[in-house]
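What follows is each chain in one-letter form.
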Amino acid sequence: MTSLALTRESIARVRPGPAVAAVLIALFLLLFLVVPVVQVIFVAFQDKTTGSFTLINFVDFFRNDLFMRSFWNSFYVSAMSVVVASALALPLAYLTTRFEFRGAVLIQSLGIIPLIMPPFIGAVAMQLLFGRNGTVNLLLRDHFGISIPFMEGLNGVIFVQSIHYFPFILINLSASLKNIDRAMEESAQNLGCHGFRLFRRIVFPLAMPGYVAGASLVFIKVFDDLGTPLLLNVNDMLAPQAYLRISSIGIADPMGYVISVVLIVCSLLALWVSALAMKGKDYATVQRGGGGLARRRMKPLELVAAYAVVLLILVLVLAPHIGLTLLSFATIWSFSPFPDAFTMKHYGTVFLESGQYITNTLLYASLAALLDVVIGTAIAYLVLRSKLPGRQWLDYIAMAALAVPGVVLGIGYLRSFYDVPMPFTGQPLSGFWLILVFALAIRRLPYALRACTAALQQVSNSLEEAAENLGATKLRTISRVVVPLMSGGILAGFVTSFATAAVELSATIMLVHSQSDAPLAYGLYVYMQSAAGRGPGAALGVFAVVIVGLGTYLSHVIIERGRRERGQDH
Amino acid sequence: MSRTLHGVAAALAVLLASSTAAFAQDPSGKLVVVTSFPKDLTSAFQQAFQKAYPKVTLEVLNRNTNAGVKYLQETASNNGTDLFWASAPDAFEVLKGANLLQAYKPKVEGIPEKVGAYPINDPEGMYAGFAASGYGIMWNSRYMKANELPAPKEWSDLAKPVYYDHVAISAPSRSGTTHLTIETILQGEGWEKGWRTNKEIAGNYRTITERSFGVPDGVNSGSFGIGIVIDFFALSSQASGFPVEFVYPTVTTIVPANIGIVKNAPNKAAAETFVDFILSPQGQEVLLQPAIRRLPVNPATYAKAPADYPNPFKDTSLGSQVNFDVEVSQARYNVVDALFDQLITFQLDGLKAATRAIHQADAALAKKPNDKAKALLAEARDLVAAMPVTAQEAADPQLSGAFTVERKSATDAVPERQAQVEQKWAAFAKDNYAAARKKAEEALALAR
């Protein structure tokens, strides 16, 4: 008995598994994130004339009005986007998890759809509908003589970004809400707590990990997003400034790289703050059997109000898709509330040419998302449950990917892997399609990681201990107890990674090496650059939304079925 | 019988082909083209070329001009690209300067030396012009009607108060073609006057787009009314049915769009064939297609063009006003871009506020003249137009040294860092616009 305990203890102390996993992940991050990015960011610390190390570029950054204005604008837009996105996500998440509500699954799926739209296309559609001369304003002007500046300046960015990124909050918050133990709520109710107070004091605090995970993602993502401000021609924000500097001036001017460093530092700060907010609080609930919030039946009046709110939000959220669909069927749509006429022609144009784009995209995005949840789960586990020294750094480094502009990663990859020949073919490694998968996986890893971490935070340590006490090995405990309990969060991570990887443009456009390997976003970009009309581009966009939507739905169904088979349906 | 003959002929042809230079006429394999051109243009050429040379697989990679140049620079060590195909001549100059192109003299006959005042081919043969484009003004006729705006004719028209908040342009630092437009105005009117015009027009900008395509896109959809564009954007939009119109102002430049063979091209033979193909009568005709609408460089092709197609070889007024000096343009290239960005793009709000105040004071003065107010208004205008650098300074290598792509050696001292220079210019513009606005408001108060 004692000898057995001893061996157990010594094994527990050595734990080769986590260490090996940590080393492998660290290597992956080093090779595909740190090295390429450092290659580029090096320039920020280089004296332009002598090539020696310097901090003068950062001094220049803080002395420059434009950069400081951009900095505050970025901060303001990100914060406001979190506020607006929360306002959109909270009712949807709460109503669908808390009440018996028809169409809850539909709403949750629809809540993911905004992510499927490439932001640059979403902005096009939003401008057609809400722009100064968009549908809504033309109609308002014709009938009431007024117009609403939805899309003017920073407003436009906030509007498009919150609609685009609110699913981060919705998905993470819903997963969190589902994981809350019903008993908590019931005890509160027994003690006389009801209504909004119940939500504010019990439900929402318990769902905090999900909310904070989602909100910090929205904040960082908006902070670093490039496509939307660029398309709306809002230049005085940090990410567009970095992009404009890097892509138009290049290495001659270090400021673009300085801004990239600032972006990365700000993202890490935001994460640190969100980690501080969560620190020292325990969100795990032990009891799983009857988990999930009790669903309440709504009174008729409540039901009507709920439907009205949900419908309003859905229409708003689906506006880009409605706009895109209209555009894809439009002949000419110019300074009029609706297109002049409708046609199927654009679908015919893209139908024959887009097969390759679609298969490539499905392959790349699913491989990347798979890689993300595997690595994400592993990092979350190492950080929260192992005692490895420096484990927190895996999290920081992986999250830093969020702040690396796609262009920087793309250039970094070309720089790091172009001269590395592939085995057998001799083709440059950067031209191999798997590199695209790695780029996508790195860019999307933070989403998966936050989702997995939030999920794991809600799984009590004691469940693991129980399994181990009953004789299960560590690996078996993880695969049979921890991962299944995390499956909601893992699903959320997979879905967000998959859906957003499928429409990523900025890194891929630098790395696409041949037409036959090109993904959908590249095709969209090419189709959209036509003075002869954006109809075919919109049609391809609709294809993209449908295909990625189906993929997302399928993965949802498959993983849900898995959960149900393990008897975790609530 | 005929089959045997065919066979013999084919065998002979193969023999000939493999033993002589004729081999180059029947190339095969993969041909990789990096281009900034829209799909409408590339796929039309792709189809025509594949039909003529079925053994070559043409692979087109779309990247915007800057990204394309960067891509070629980053991949030069193991080049996999055969051709670079884009509008802006200066992008080719960058590649040429970096020794990334190789010379080729097209075999096609009948292409003149110049289009407008601009040489069609690079004198060293590193790249060749295959189509020409001019710059001008496009507008959405529905938008103009709804806002009761007159049709503009000249650049200076765009500075009129009636167009306030209706005009758009792309940033010259982002679009090689817009850079040429700005430079054309500067060369056509001189540095000081040219900037004055540019800033007066800029005071009416609705937006400054990041991509050159953003301008025709916005005019087509009606998000703004008037755009400063390269001609084919407007012509092809029009040919595709959008309610848009286009005019070449007197001060315009007709500039060739180019193609160049990349150094160490993997499929040099096919690359040369492609260059000759797009210059051939057959290739030039592709340019006339409605979705493309570029000006052929082969004068003979215009015979097949639709009526009222612009013809720079016949209509000599096109682009003749400006004797575009490439050397001058080259010497101050980055400085002009940075000036535009710092004085206009990133200070647009201040500039627009000043412009609006000037327009209002002007309107009030027209009704109720007042000499003191008039003087104040002239001061305000001068403040807006003022430049932090002269034409000479702009061309000074010392200044442009702060913006150049690479330092030559560690001892090449640069007096000021780019960020410092820019901050100085931005502060200059900000203060001037604020002062101009104040003066214009004073003038307005006096005229009331």
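Everything quoted here is computed from the prediction, not taken from an experiment.

Visitor: Could you clarify how one ought to interpret unusual backbone geometry in this entry?
Guide: Backbone phi values are negative for most residues with the exception of glycine, while trans is the configuration of most peptide bonds. Residues other than glycine seldom take positive phi values, yet Asn233(A) does so here, at roughly 60°. You can see Asn233(A) is positioned in the loop between helix H13 (227-231) and helix H14 (238-248). If you check the backbone angles, Arg293(B) has positive phi at about 55° while not being a glycine. With respect to the helices and strands, the residue Arg293(B) is situated in the loop between helix H11 (281-286) and strand S14 (295-296). On the basis of relative accessible area, Arg293(B) is assigned to the buried category, the value being 19%.

Visitor: In this structure, what is going on with the environment of Pro229(A)? I would like to understand it.
Guide: All names here are of chain A. By the secondary structure assignment, Pro229 is in helix H13. Its relative accessible area of 0% is what places Pro229 among the buried residues. Considering only alpha carbons, one finds Pro229 and Ile148, 81 residues apart in sequence, at a separation of 19 Å. Not counting residues within four places of it along the chain, the set of residues in contact with Pro229 comprises Val157, Gln161, Val234, Met237 and Pro240.

Visitor: Which parts of the structure should I look at to understand helix H3 (residues 65-75) of chain B?
Guide: Quick reminder: α-helices carry 3.6 residues per turn. Residues three or four places apart thus point the same way. For H3(B), the buried fraction is high: eight of the eleven residues fall into the buried class. All of the buried residues in H3(B) are Ala67(B), Gly68(B), Val69(B), Lys70(B), Tyr71(B), Leu72(B), Glu74(B) and Thr75(B).

Visitor: Would you mind showing me how to read the sheet that holds strand S9 (residues 167-170) of chain B here?
Guide: Residues and elements named next belong to chain B. If you walk across this open sheet you meet the five strands as S10-S9-S11-S8-S12, and the pairing is mixed. Edge strands, defined here as strands with exactly one partner in the open sheet, are strand S10 (205-209) and strand S12 (244-247). Recorded for the sheet is a direction-independent mean angle of 25° between the axes of neighbouring strands. Note: strand S8 (residues 135-140) against strand S11 (residues 226-230), five bridges, orientation antiparallel. Across the sheet, residue Trp139 finds its bridge partner in S11, namely Ile226.

Visitor: Any chance you could explain the nonpolar core here in plain terms?
Guide: Buried together is how nonpolar side chains tend to be arranged in soluble globular proteins. Of all hydrophobic cores here, the largest spans 205 residues; its most connected members are Tyr413(A), Ile442(A) and Phe84(B). Examining the composition of this core, we find that 16 residues originate from one element, helix H21 (residues 433-457) of chain A, more than from any other. Beyond its immediate stretch of four places on either side in the chain, Phe84(B) contacts Val34(B), Thr65(B), Gly68(B), Val69(B), Leu72(B), Ala91(B), Phe92(B), Leu95(B), Asn258(B), Ile259(B), Gly260(B) and Val262(B). Counting 64 residues, the second-largest nonpolar core is a separate cluster that includes Trp85(B), Leu288(B), Ile292(B) and Leu318(B).

Visitor: How do you make sense of the domain arrangement of chain B when you look at a structure like this?
Guide: By a frequent convention, interface size equals the accessible area lost on bringing the separate parts together. Residue and element names in this part refer to chain B. As far as domains go, chain B holds domain 1 (27-130 + 255-302), domain 2 (131-252) and domain 3 (345-445). Taken residue by residue, the interface counts 19 residues in domain 1 and 15 residues in domain 2. When domain 1 packs against domain 2, close to 1400 Å² is buried across both sides, 59% of that on carbon and sulfur atoms. A per-residue breakdown of the area domain 1 buries against domain 2 is headed by Val255, Arg293 and Leu295, which together make up 39% of the total. Linking domain 1 to domain 2 there are three residue pairs in polar contact (both at pLDDT 80 or more). Breaking the side of domain 1 that touches domain 2 down by element, the ones donating at least two residues are helix H4 (89-97), strand S7 (128-133) and strand S13 (255-262).

Criteria and thresholds
Residue indices begin from 1 for each chain and proceed along its sequence in written order. Ligands are numbered from 1 and chains lettered from A, in the order in which they are written. With the structure being a predicted model, the display of local features is reserved for residues of pLDDT at least 70 and the display and counting of side-chain atom pairs for 80 or more, all residues being used for whole-chain, interface and lining totals. Side-chain figures throughout are based on the complete set of non-hydrogen atoms in the structure, without hydrogens or water. Per the convention used, a helix needs a DSSP run of H or I reaching at least four residues, while a strand needs a run of E reaching at least two, with both numbered from the N terminus. The buried label applies to any residue whose accessible area, calculated with a 1.4 Å probe on protein chains only, is under 20% of its type's maximum; exposed applies above 50%, and partly exposed to all values in between. We call two residues in contact whenever any of their non-hydrogen atoms come within 4.5 Å of each other. For two strands to count as paired, DSSP must find a minimum of two bridges between them. Lines fitted to the C-alpha atoms define the axes, with helices restricted to the stretch that makes contact. Angles between their N-to-C directions range from 0 to 180 degrees. What we call a nonpolar core is a set of buried Ala, Val, Leu, Ile, Met, Phe, Trp, Tyr and Cys residues that are connected through their side-chain atoms within 4.5 Å. Domain start and end points were adopted from an automatic or database domain assignment. Buried area is a sum: the accessible area each of two parts loses on coming together, probed at 1.4 Å, counted once for each and added. Contacts described as polar in this section are N or O atom pairs within 3.5 Å, which, within protein, must combine one atom able to donate a hydrogen with one able to accept it, while residues neighboring in sequence count only if both atoms come from side chains.

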